[in-house]
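Coordinates in review
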Amino acid sequence: MSKRVSLTQHLIEQQRLHNKIPSELRLLIEVVGRACKSISHAVGKGALGEVLGSAGSENVQGEVQKKLDVISNEILLEANEWGGHLAAMASEEMETIHRIPNRYPLGEYLLMFDPLDGSSNIDVNVSIGTIFSVLKAPEGMTEPSEKDFMQPGTKQVAAGYAVYGPQTVLVLTTGDGVHCFTLDREMGAWVLTQRDIKIPEDTKEFAINASNARHWFPPVQRYVNEMQAGVTGPLKKDFNMRWIASMVADVHRILNRGGIFMYPADAREPDKPGKLRLMYEANPMAFIVEQAGGAATNGKQRILDIQPEKLHQRVAVFLGSKNEVERVTSYHQE
Ligand SMILES: O=P(O)(O)OC[C@H]1O[C@](O)(COP(=O)(O)O)[C@@H](O)[C@@H]1O
Ligand SMILES: [Mg+2]
Ligand SMILES: [Mg+2]
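A brief structural summary. (Residues numbered from 1 in each chain as written. Chains lettered and ligands numbered in written order. Predicted model: local features only at pLDDT ≥ 70, side-chain atom pairs only at ≥ 80, totals over all residues. Heavy atoms only, no water.)

Okay, the packing of helix H2 (residues 23–45) against helix H3 (residues 67–83) next. Axis separation between H2 and H3 bottoms out at 9 Å; the angle between their running directions is 150°. Overall, the two elements H2 and H3 adopt an arrangement that is roughly antiparallel. The handedness of the crossing between H2 and H3 comes out as right-handed. Contacts from Leu28, Val31, Val32, Ala35, Ser38, Ile39, Ala42 and Val43 of H2 reach H3 at Leu68, Ser72, Ile75, Leu76, Ala79, Asn80 and Gly83. (Axes fitted to C-alpha atoms, helices over the stretch in contact; angles between N-to-C directions. Helix = DSSP H or I, 4+ residues; strand = E, 2+ residues; numbered from the N terminus. Parallel < 35°, antiparallel > 145°, perpendicular 65-115°, else oblique. Left-handed = near helix turned anticlockwise from the far one by under 90°. Contact = heavy atoms within 4.5 Å.)

What follows is the structure in structure tokens.
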């Protein structure tokens, strides 16, 4: 039997090999990993743990919060207040940033998360997850503010996601490839199960919420029509379609067998480009996908190059197999 490698062992090994993961960052990632185990535990209890259904509140984007959105947010806040080397956190579920109380000197990292991704799937027992992103706090920061988080995705030092599905997995990058850990539920340990994941450059599978088709802009209409035209159309091959409605699960499929995921901006709310959030969803996923050899754009530019202006900023997303992301991006330029 091959030797089991834990998350901690893997991070220490990466640190030795590449000297890129300072021990403070390693500890931070381990704390996030521990929080994901607790969330996985809560998710797994379902109706028995009284965690299903609505929390009866709304988040800053006006979305109804599910109980698990709130519980997962609390778990991440509590774990990281104590464990990490953090100055502040920001979450999809909180209006503004959360400073680490009573911490002097200030921690050197900033953490952002979507505590529970795919909320509409919670009550129907379909895969959901957690997405996170880590930035370095700017030099000379005295009191963390939202402004300190306004760094493009290229500045991320780590990003990852957990999927709470038939298996609980944690996918992570620190800029040295993408690695996947599976939760050993009996031992409560993250065990390395895939090293250096690579996304195939070509694909025959796409993911988009087709119920919005009538609102799409012409480049997306054209691209989806071409894929649907199949082998006799301009792309000369038949495509299959999947839509899980949990970005984590759709991205995890793409990481494993290729595909293109799209959540475009559309004609309904021109001041809200798309549904997904730059800081908690698009940037960490774009970092992971690029590290796996894929591509991620908003149709016009690389997601990681976007200069954020607001904490809860939305962005159009096209990500996955490189050649297809490049194709749909080129349609936006024509
Ligand atoms: O409701 P739709 O259009 O299918 O949207 C699904 C998308 O919304 C999301 O659920 C948004 O994330 P949250 O659940 O964190 O709000 C994505 O995970 C998913 O890709
Ligand atoms: Mg989400
Ligand atoms: Mg969410």
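Strand order in the open sheet made by the eight strands is E4-E3-E5-E6-E7-E8-E9-E10, with mixed pairing throughout. Unpaired on one side and paired on the other, strand E4 (98–99) and strand E10 (189–194) mark the two borders of the sheet. Alignment of strand E3 (residues 86–91) against E4, held across two bridges, turns out to be antiparallel. Counterpart to alanine 88 in the pairing with E4 is arginine 99. Strands strand E5 (109–117), strand E6 (128–136), strand E7 (158–164), strand E8 (168–173), strand E9 (178–184) and E10 of the sheet are contacted by helix H6 (residues 247–257), whose axis makes an angle of about 105° with E7. (Pairing = 2+ DSSP bridges.)

Here we come to the packing of aromatic side chains. By the definition in use, this model includes four aromatic pairs. Summarising the aromatic geometry, the rings of tryptophan 243 and phenylalanine 261 are spaced 5.5 Å apart at their centres and angled 15° between planes, so their arrangement reads as stacked. Placement of tryptophan 243 in the loop between strand E12 (240–241) and H6 and of phenylalanine 261 in strand E13 (residues 260–263) is noted, with a sequence separation of 18 residues between them. The class for tryptophan 243 is partly exposed, based on a relative accessible area of 26%. Chaining the aromatic ring pairs together yields one cluster made of Trp243, Phe261 and Tyr263. Over the ring of tyrosine 331 we find arginine 222, and its NZ or CZ is 3.5 Å from the ring centre. (Phe/Tyr/Trp six-rings, centres within 6.5 Å; stacked < 30°, edge-to-face > 60°. Buried < 20%, exposed > 50% of the residue type's maximum accessible area, 1.4 Å probe, protein only. Lys NZ or Arg CZ within 6 Å of the ring centre and 35° of its normal.)

Residues in contact with ligand 1 amount to 17 residues; listed here are only the nearest, Asp117, Ser119, Asn209, Met247 and Tyr263. Here an oxygen atom of ligand 1 sits 2.9 Å away from a polar atom, N or O, in the main chain of serine 119. Within the side chain of tyrosine 263, one N or O atom sits 2.5 Å away from an oxygen atom of ligand 1. Within the complex, 87% of the 470 Å² of free accessible area of ligand 1 lies under protein. Counting residues per element, the shell around ligand 1 draws most heavily on E5, at three residues. Of the residues belonging to the shell around ligand 1, the class tally is seven nonpolar, four polar and six charged. When residues of the shell around ligand 1 are sorted by domain, at least three fall in each of domain 1 (7–194) and domain 2 (205–333). (Near = heavy atom within 4 Å. Polar contact = N/O pair within 3.5 Å; in protein donor to acceptor, adjacent residues only side chain to side chain. Areas by Shrake-Rupley, 256 points an atom, 1.4 Å probe, with all protein chains shown as cover. Nonpolar A, V, L, I, M, F, W, Y, C, P; charged D, E, K, R; others polar. Domains from an automatic or database assignment.)

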